[in-house]
Amino acid sequence: MKRLHLALVIIISVTLCACSMRVGHTSYQVTPLKDAKLLDGGKNLYIAMPADFQQNGSAQKDSGLKTQQALLKAMETLPGAKVPADAPQDVPSAMTASRQTECALLVEVRIVDWSDPPASFQLHSDRGEVVLSVHDVETGALLRSDSLTCNGSPTTINMVGAYNPADCLKPAFAEWSAKAFSK
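All of the points below concern the structure found in this document. (Residues numbered from 1 in each chain as written. Predicted model: local features only at pLDDT ≥ 70, side-chain atom pairs only at ≥ 80, totals over all residues. Heavy atoms only, no water.)

## Concerning the overall build of the chain
Along its length, the chain carries four helices and 13 strands. Split into buried and exposed, the 183 residues of the chain put 38% on the buried side. Summed over all atoms, the accessible surface of the chain reaches about 9900 Å², with 57% contributed by carbon and sulfur. (Helix = DSSP H or I, 4+ residues; strand = E, 2+ residues; numbered from the N terminus. Buried < 20%, exposed > 50% of the residue type's maximum accessible area, 1.4 Å probe, protein only. Areas by Shrake-Rupley, 256 points an atom, 1.4 Å probe, with all protein chains shown as cover.)

Rendered as structure tokens:
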């Protein structure tokens, strides 16, 4: 019987250590910076990958890729094709890649803030801010620009390190996608 109890304690302990617990809520805001016109969601979109966020001389590893992936996920309900960039690019290079992939619009992504406290136990929230700018590929004109900010859960016990600012940006990306593009 003692072995059974010990086995149950071990199983429960391992399960709890592998899980994450979040207390609090995620808040976000979408703020138009230039125009707020509705764009054609049926057009092919080239989704740029932002450079990893740099702070105090060190990069937040994979922050650009995670941000691009979260944005792509939020835009998957739009009817047009979404072509993700393979690596960070400057705007002229992204415009060239957009034309080569026959995309009509370029979605430029720039990370302004990225705060991802240590994973095991944190009392500070994840924070993120990105600026999304949509350019017409044919003319190069800036059609709209928006700032998206988020604050994640204030308390996280996260043994596997799965949460980051891209997670708290997901609802902001979904709202932006719904406001920026027609379906």
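## Observations regarding the packing of aromatic side chains
Evaluation of the coordinates by the stated rule reveals one aromatic pair. Judged by centre distance (5.5 Å) and plane angle (85 degrees), the rings of Trp176 and Phe181 are edge-to-face. The two residues Trp176 and Phe181 agree in class, both being buried. (Phe/Tyr/Trp six-rings, centres within 6.5 Å; stacked < 30°, edge-to-face > 60°.)

## Considerations on the sheet that holds strand β11 (residues 142-151)
Strand pairing within a sheet occurs via backbone hydrogen bonds; the two strands may be parallel or antiparallel. Strands sit in the order β2-β11-β10-β8-β4-β7 across an open sheet of six strands; the sheet is mixed. Edge strands, defined here as strands with exactly one partner in the open sheet, are β2 (27-34) and β7 (82-88). Put simply, the sheet's adjacent strands are angled 20 degrees from each other on average, direction ignored. As judged from the four bridges shared by strand β4 (residues 45-49) and β7, these two strands associate in the parallel manner. For Met49, the partnering residue across the bridge sits in β7 and is Pro88. Of the strands in this sheet, β4, β7, β8 (105-115) and β10 (127-136) are in contact with helix α2 (residues 63-74), which crosses β8 at around 125 degrees. The strands touched by helix α4 (residues 165-180) within the sheet are β2, β8, β10 and β11, with β11 carrying the most contacts at an inclination of about 145 degrees. (Pairing = 2+ DSSP bridges. Axes fitted to C-alpha atoms, helices over the stretch in contact; angles between N-to-C directions. Contact = heavy atoms within 4.5 Å.)

## Quick notes on the side chain of Asp136
With respect to the secondary-structure elements, Asp136 resides in strand β10. Look at Asp136: it is buried, it has no salt bridge, and the nearest opposite charge is Lys43 at 5.0 Å. Within the structure, Asp136 has its side chain in polar contact with the backbone nitrogen of Thr139 (distance 2.8 Å). In contact with Asp136, not counting residues within four places along its chain, are Met95, Ala104, Leu105, Ala141 and Leu143. (Lys, Arg positive; Asp, Glu negative; His and termini not counted. Salt bridge = Lys/Arg side-chain N within 4 Å of Asp/Glu carboxyl O. Polar contact = N/O pair within 3.5 Å; in protein donor to acceptor, adjacent residues only side chain to side chain.)

## Quick word on the state of the cysteines
With the rule as written, the count across this model stands at one disulfide. Covalently, Cys150 is tied to Cys168 through a disulfide, its sulfur atoms 2.1 Å apart. Around the S-S axis, the bridge from Cys150 to Cys168 shows a dihedral of about 40 degrees and counts as right-handed. Pair noted here: Cys150 is in strand β11 and Cys168 is in helix α4, with a separation of 18 residues, a long-range link. (Disulfide = S-S within 2.5 Å.)

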